[in-house]
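Topology and contacts: notes
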Amino acid sequence: MQSISGLIYDAAQPSVSAAGVKEPKAQRFEDEAPEQSLKPRRDEYIPEEKKEPGNNVERCTGSTDKVDREIEKLKREKQELEQRLNTETDEARIKDLKTKLAQVERELRQKDNDTYRRQHASYTFS
């Protein structure tokens, strides 16, 4: 069955009409852009340029100087309290010095270890 215009509307249209005259073909997408292929487009892996080791690498350095100064200060304070305690004769002041000395010793036990140093270190990135 043919339409009034004489064209065959079928899934596959012949390039030659019934009268033997060539009809213009529909232009396909690949005719407009010949660099495009009929293959489906896929992601393509494009490797990055290899970087030389040591270039543009961030380095992290940690400093425990501040923590070490704090611990040294506590050690000096403990030593000073012990000296004052040994020379003190007043019972009320001895009790007060012992309380302060016990507090400084607790603080030293808490801070004078590697875990505390790592946690309270200052880090810089370069």
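Please read all numbers here as calculations on a predicted model, not as lab measurements.

1. Some words on the side chain of Lys111
With respect to the secondary-structure elements, Lys111 resides in helix α3 (residues 91–111). Overall, Lys111 belongs to the buried group, its relative accessible area being 10%. Separated by 2.9 Å, the side chains of Lys111 and Glu107 make a polar contact. Each residue touching Lys111, except ones within four places of it in the same chain, is listed here: Glu70, Ile71, Leu74 and Tyr116.

2. Description of helix α2 (residues 65–87)
For α2, which comprises 23 residues, the first-to-last C-alpha distance of 33 Å matches the rise-based estimate of 33 Å (1.5 Å per residue) to within 8%. Looking at α2, one finds that the buried residues are Val67, Ile71, Leu74, Leu81 and Leu85. In this structure, the buried side of α2 is in contact with α3 and α4 (114–119).

3. Brief notes about the nonpolar core
Ranked by size, the top nonpolar core spans 11 residues in total: Val67, Ile71, Leu74, Leu81, Leu85, Ile94, Leu97, Leu101, Val104, Leu108 and Tyr116. When residues of this core are traced back to their parent elements, those giving at least two are α2 and α3. Not counting residues within four places of it along the chain, the set of residues in contact with Leu85 comprises Ile94, Leu97, Lys98 and Leu101.

4. Things to note about the environment of Asp65
Here Asp65 is to be found in helix α2. The exposure class of Asp65 is partly exposed, given its relative accessible area of 45%. Along the primary structure Asp65 and His120 are separated by 55 residues, whereas in three dimensions their C-alpha atoms are 10.0 Å apart. Polar side-chain contacts of Asp65 include one of 3.3 Å to the side chain of Ser63.

Here is what the cut-offs are and how they apply
Here the residue numbers are simple positions, counted from 1 along each chain's written sequence. Totals for whole chains, interfaces and linings use all residues, but because this is a predicted model, local features are given only for residues with pLDDT of at least 70 and pairs of side-chain atoms are given and counted only at 80 or more. Hydrogens and water molecules were not included; the side-chain quantities draw on all heavy atoms of the structure. Note on conventions: DSSP H or I runs of at least 4 residues are helices, E runs of at least 2 residues are strands, and numbering of each starts at the N terminus. Partly exposed describes any residue whose relative accessible area lies between the buried limit of under 20% and the exposed limit of over 50%, with all areas from a 1.4 Å probe on protein chains only and scaled to the type maximum. Here a polar contact is taken to be a pair of N or O atoms separated by no more than 3.5 Å, where protein atoms must pair a possible hydrogen donor with a possible acceptor and residues adjacent in sequence count only if both atoms sit in side chains. The criterion used for residue contact is that any of the two residues' heavy atoms lie within 4.5 Å. A helix is expected to span 1.5 Å for every residue after the first. Take the buried residues of types Ala, Val, Leu, Ile, Met, Phe, Trp, Tyr and Cys, join any two whose side-chain atoms come within 4.5 Å, and each joined set is a nonpolar core.

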